[in-house]
Amino acid sequence: MKASHLQHKFEQVRSNKLFELFVIAVILFSALLVGAKTYDMPSTVNQVTNVLDWLISAFFLIEITIRFLGERNKLDFFKSFWNWFDTLIVLVSLLPMENSDTALIARLVRVFRVLRMISIIPELRILLVSLMKALPQLGYVMLLMFIIFYIYAAIGSTLFEDINPKLWGDITISLLTLFRVMTFEDWTDVMYETMEVYPLSWFYYLSFIFFTAFAFLNMVIGIVVNVMEEENAKAYREAHKDEPTINDIAAHLKRLEQKIDGMQRKE
């Protein structure tokens, strides 16, 4: 009875919204603490931040322990990728920071503790999973974009090399120049320079911007949004899988009608 009572308590704490909000607040404070350490501070303040850092690490260790003990089937805890992710970050963040060969690794891991926000907030998990699932489709879009880049870079290197070798000297430099044009980083300066020799070269730049910055960007957004809609629908079905559907209700009503008809016939 005592073990089952403790199990129930751990389950309540783990599923408590206030506890989740407090964990998120600690993660945010940990991120601010990491940022504060990049400034030059007095030794006393550094000592305080080190103490706070260890307290945060201890809290994360307690929090992951509560989540583990709150799992009815302990093996189910390790079936989740996010539980493995959180456990790894928590354990590695316990490495000593000062006067150790692992100090650099420990500092880097403390930065990645911010990523725990993804494992705690379901909406962030959906965003990340959607992005990962969209990568195969995005790969084909990126391949097509590279082909467009390569064709325009070859044309630019051929036509504009004599105008400005620093921007169009070879195809690799031309690719960098075109990336500058696509991101609108002073691209008009590049265009006006070539228009002095080739007045119609504006068509080269505008068509390139249309294909890359507009058309392909919208394709990428469309793919990601489509995958996100599928993941949201999947999450909704999982969250409401125990709720009866319209078909279930209709079947239940039909069974009730059959029972009522049977009772009336017996009367």
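As the structure is a prediction and not an experimental result, all values here were calculated from the model.

A. Summary view of the overall build of the chain. Secondary structure summary: the chain contains 13 helices and 0 strands in total. Beginning at the N terminus, the succession of helices and strands in the chain can be written as α-α-α-α-α-α-α-α-α-α-α-α-α. Out of the 267 residues belonging to the chain, those deemed buried represent 30%. By element, 68% of the accessible surface of the chain is carried by carbon and sulfur atoms, the whole surface being about 18,000 Å².

B. Representation of a nonpolar patch on the surface in the model. Taken together, the side chains of L143, L144, F146, I147, Y150, I151, I155, L159, V197, Y198 and M219 make up a nonpolar region of the molecular surface, amounting to roughly 970 Å² of accessible area. Looking at the secondary structure, you find F146 in helix α8 (residues 122-160). What makes F146 partly exposed here is its relative accessible area of 46%.

C. Seen up close, the pattern of salt bridges. Under the defined criterion, the tally for this structure stands at 3 salt bridges. Put simply, E63 and R67 hold a salt bridge, and the shortest N to O gap is 3.2 Å. Pair noted here: E63 and R67 are both in helix α3 (residues 43-69), with a separation of 4 residues, about one helical turn. Put simply, D86 and R67 hold a salt bridge, and the shortest N to O gap is 2.9 Å. Residue D86 is located in helix α5 (residues 81-92), and its partner R67 is located in helix α3; the two are separated by 19 residues in the primary sequence.

Quick notes on the rules
Sequence order sets the numbering: in each chain, residues are counted from 1 along the sequence as written. Thresholds applied to this predicted model are a pLDDT of at least 70 for local features of residues and 80 or more for the giving and counting of side-chain atom pairs; totals over whole chains, interfaces and linings are not thresholded and use all residues. Processing note: side-chain calculations cover all non-hydrogen atoms of the structure and skip hydrogens and water entirely. Counting from the N terminus, the helices are DSSP H or I runs at least four residues long and the strands are E runs at least two residues long. The classification of residues rests on relative accessible area computed with a 1.4 Å probe and restricted to protein chains. Under 20% of the type maximum is buried, over 50% is exposed, and intermediate values are partly exposed. Throughout, the Shrake-Rupley method with a 1.4 Å probe supplies accessible areas, and for residues the shown protein chains are the sole cover considered. What goes into a patch is any residue over 30% in relative accessible area without a salt bridge, connected to like charges within 9 Å or, for nonpolar side chains (Val, Leu, Ile, Met, Phe, Trp, Tyr), within 5 Å. One side-chain nitrogen of Lys or Arg within 4 Å of one carboxyl oxygen of Asp or Glu is enough to make a salt bridge.

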